[in-house]
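Overview (structure and organization)
Chain by chain, the residues run as shown.
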Amino acid sequence: MKIFRFVLHIPIVFLLFSCGEPETKSEPVSVEKTTAVFPHKTPDEKPNIPMSAATERMFGYPGKGIHDNELFSQFKYTRLKGFDYNNGDGTVTRRDPSRPIKVDGKYYIYYTKRQTTVPPIGARNASKTTDEIPSTDWDLCDIWYATSEDGITWEEQDIAVARPKKPNSGWRSVATPDILIWKGKYYLYYQAFSEPSGLRGDWCPVSVSYADSPDGPWTHGASEVIPFGKKGEWDQDATHDPHPIVFKGKIYMYYKAAFNKWPDIRDQYAVGHGLVIGDDPLGPFEKHPLNPVMTSGHETTYFPFKEGVAALTIRDGNERETMQYSEDGVNFRIASSLSLTPTAAAPYLTDAFTNTNYGKGFTWGLCHFVNAGEAGEQHSIIARFDCDLSLEYDNPQVFKKSTVWHKPDVFFQQGFDQEKNNTEK
Ligand code: AAL
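Residues numbered from 1 in each chain as written. Predicted model: local features only at pLDDT ≥ 70, side-chain atom pairs only at ≥ 80, totals over all residues. Heavy atoms only, no water.

Re the site of the ligand
All residues in the neighbourhood of the ligand are listed as Arg 95, Asp 96, Trp 138, Thr 176, Gln 191, Asp 202, His 240, Asp 241, Lys 256, His 298, Glu 299 and His 368. Asp 96 has a polar side-chain atom sitting 3.0 Å from an oxygen atom of the ligand. Between an oxygen atom of the ligand and a side-chain N or O atom of Asp 241, the distance comes to 2.7 Å. Protein contact buries 96% of the 280 Å² of open area that the ligand shows by itself. Counted by class, the shell around the ligand contains 1 nonpolar, 5 polar and 6 charged residues. (Near = heavy atom within 4 Å. Polar contact = N/O pair within 3.5 Å; in protein donor to acceptor, adjacent residues only side chain to side chain. Areas by Shrake-Rupley, 256 points an atom, 1.4 Å probe, with all protein chains shown as cover. Nonpolar A, V, L, I, M, F, W, Y, C, P; charged D, E, K, R; others polar.)

Put into structure tokens, the structure is as follows:
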């Protein structure tokens, strides 16, 4: 480690004046004072000098600044072609895409699709739903799939996993799928609702279906593959966003649970991510004793990165809008702070399931926008994002800039009703 020591020779001249006395000039006294000031050129390694907490932290990130931080990127968005949304009237939604996989030169994605006669009436009105009227945007859904040659123009294929017959788990809705490739077979994990979302909360277990081909047919493999927590535990009634990767020869499946929420303390809503580990895709999976392993974020986005696992942590919690990294897939630390992050990000990864010991990251993926409708949040669309979170790609001019300037309108859209809020602050 380089040691930076700056010895300042400070010549201090004492001028003595005394009234009435003949003016005398003292000899200049040279006082040698040893001090250390942070240098103008950022050192490659942490200097051995006293530093403030913020300066110390500078040396804990994967780069000295965002320009050389492989876990920092801006995000650029592109509308997808090929999906019809019935003129945005709220009766068709596509959301929560799986990570794309590439098989025989074609990308495949799986996603939640709702096609209902009316838009959702909201979680709070869940008791008023029928077999035709959805509560939330992800109520009364099936899992569909689409393929693409370029990741921009998609061709919707068919239902991959349909709602099973009542009373099987998922009869009300199947949603929020993600994929695993394990020993040549394909596994889809998804939320299986047996009641309208919102009735007791966003209550659902996770099911898995498997197939020999990405085109299916899919066979139901198991229900409740991620065990709920016991009553009183953080994940007592929600296991959302199942998100498997292969790490250290095992299936590491991250999932989300919202706690502090229904029915009584909604306003203190918190999100945690847990980890279950297994070596059979149909289970059993064992919960990590340190769960939740992440206490910010929303939908799960985890990927093998270098020797460890990185996570894109959006939306909720004190550490929202950050990229995080851990050597062990369990103990995450902030690697960078982000803006305009993709919601429900599903990156295209070439090494999510290869048991790599040096993850490479990604340059694009899919995400969703939940407020695509003109009049509110009645339907979602899937979109594409591009970024530079890959060890094999560098485009600092586009992706490593610290600021993206938005037009004033973007800010004014977040209006503040001065009258309604009675401006006295
Ligand atoms: C999301 C996900 C889960 C929730 C709902 C649908 O985007 O976190 O899937 O249940 O919202």
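Concerning the sheet that holds strand E16 (residues 250-259)
Spatial ordering of the open sheet is given by E15-E16-E17-E18, a layout of 4 strands whose pairing is antiparallel. Each having just a single partner strand, strand E15 (240-247) and strand E18 (286-287) make up the two edges of the open sheet. Across 9 bridges, E16 lies against strand E17 (residues 270-278) in antiparallel orientation. Paired with Tyr 254 across the two strands is Leu 275, which belongs to E17. (Pairing = 2+ DSSP bridges. Helix = DSSP H or I, 4+ residues; strand = E, 2+ residues; numbered from the N terminus.)

Comments concerning the side chain of Asp 137
For Asp 137, the position within the fold is in the loop between strand E8 (106-115) and strand E9 (141-148). Judged by its relative accessible area of 5%, Asp 137 falls in the buried class. For Asp 137, the side chain forms a polar contact with the side chain of Arg 95, separated by 3.0 Å. A distance of 2.8 Å separates a polar atom in the side chain of Asp 137 from a polar atom in the side chain of Arg 114. Aside from chain neighbours lying at most four places away, what touches Asp 137 is Thr 93, Arg 95, Arg 114, Pro 120, Gln 378, His 379 and Ser 380. (Buried < 20%, exposed > 50% of the residue type's maximum accessible area, 1.4 Å probe, protein only. Contact = heavy atoms within 4.5 Å.)

Overview of the nonpolar core
Counting residues in each nonpolar core, the largest one holds 55 residues, and the members touching the most others are Tyr 110, Tyr 189 and Trp 218. By residue number, the principal contributor to this core is strand E12 (residues 185-193), which donates 5 residues. (Core = buried A, V, L, I, M, F, W, Y, C linked by side-chain atoms within 4.5 Å.)

Concerning the packing of aromatic side chains
The tally for this structure, following the rule as stated, stands at 24 aromatic pairs. Plain terms: the ring middles of Tyr 254 and Phe 332 are 6.4 Å apart, the flat faces sit at 75° to each other, and that makes the pair edge-to-face. Of the two residues, Tyr 254 is situated in strand E16 and Phe 332 in the loop between strand E21 (322-326) and strand E22 (333-337); the sequence distance between them amounts to 78 residues. For the pair formed by Tyr 254 and Phe 332, the shared burial category is buried. Site record: aromatic cluster; members linked through ring pairs are Phe 75, Phe 303, Phe 305, Tyr 325, Phe 362 and Phe 385. Across from the ring centre of Trp 144, 3.9 Å away, lies the NZ or CZ of Lys 113, which sits over that ring. A cation sits over an aromatic face here: Arg 200 above Trp 203, 4.7 Å from the ring centre. (Phe/Tyr/Trp six-rings, centres within 6.5 Å; stacked < 30°, edge-to-face > 60°. Lys NZ or Arg CZ within 6 Å of the ring centre and 35° of its normal.)

Structural notes on empty space enclosed by the protein
Within the structure shown, the criterion is met by 1 cavity of 30 Å³ or more. Estimated volume of the largest cavity: approximately 100 Å³. Pro 97, Thr 176, Asp 178, Asp 241 and Thr 300 are, among the 13 residues lining the largest cavity, the residues nearest its centre. At the level of secondary structure, the elements contributing two or more residues to the lining of the largest cavity comprise strand E11 (173-182) and E15. Taken together, the residues of the lining of the largest cavity break down into 6 nonpolar, 3 polar and 4 charged. (1 Å grid on protein atoms, 1.4 Å probe; cavity = no way out; pocket = protein on both sides within 12 Å on 5 of 7 lines; lining within 4 Å. Points joined across faces, edges and corners; volume = space filled by probe spheres on them.)

Re the sheet that holds strand E13 (residues 206-211)
The sheet built from 4 strands is open, its strands ordered E11-E12-E13-E14 with antiparallel pairing. Because the sheet does not close on itself, it has two edges, and the strands there are E11 and strand E14 (219-222). For this sheet the average axis-to-axis angle between neighbouring strands, irrespective of direction, equals 35°. Alignment of E11 against E12, held across 8 bridges, turns out to be antiparallel. Paired with Leu 180 across the bridge in E12 is Tyr 187. (Axes fitted to C-alpha atoms, helices over the stretch in contact; angles between N-to-C directions.)

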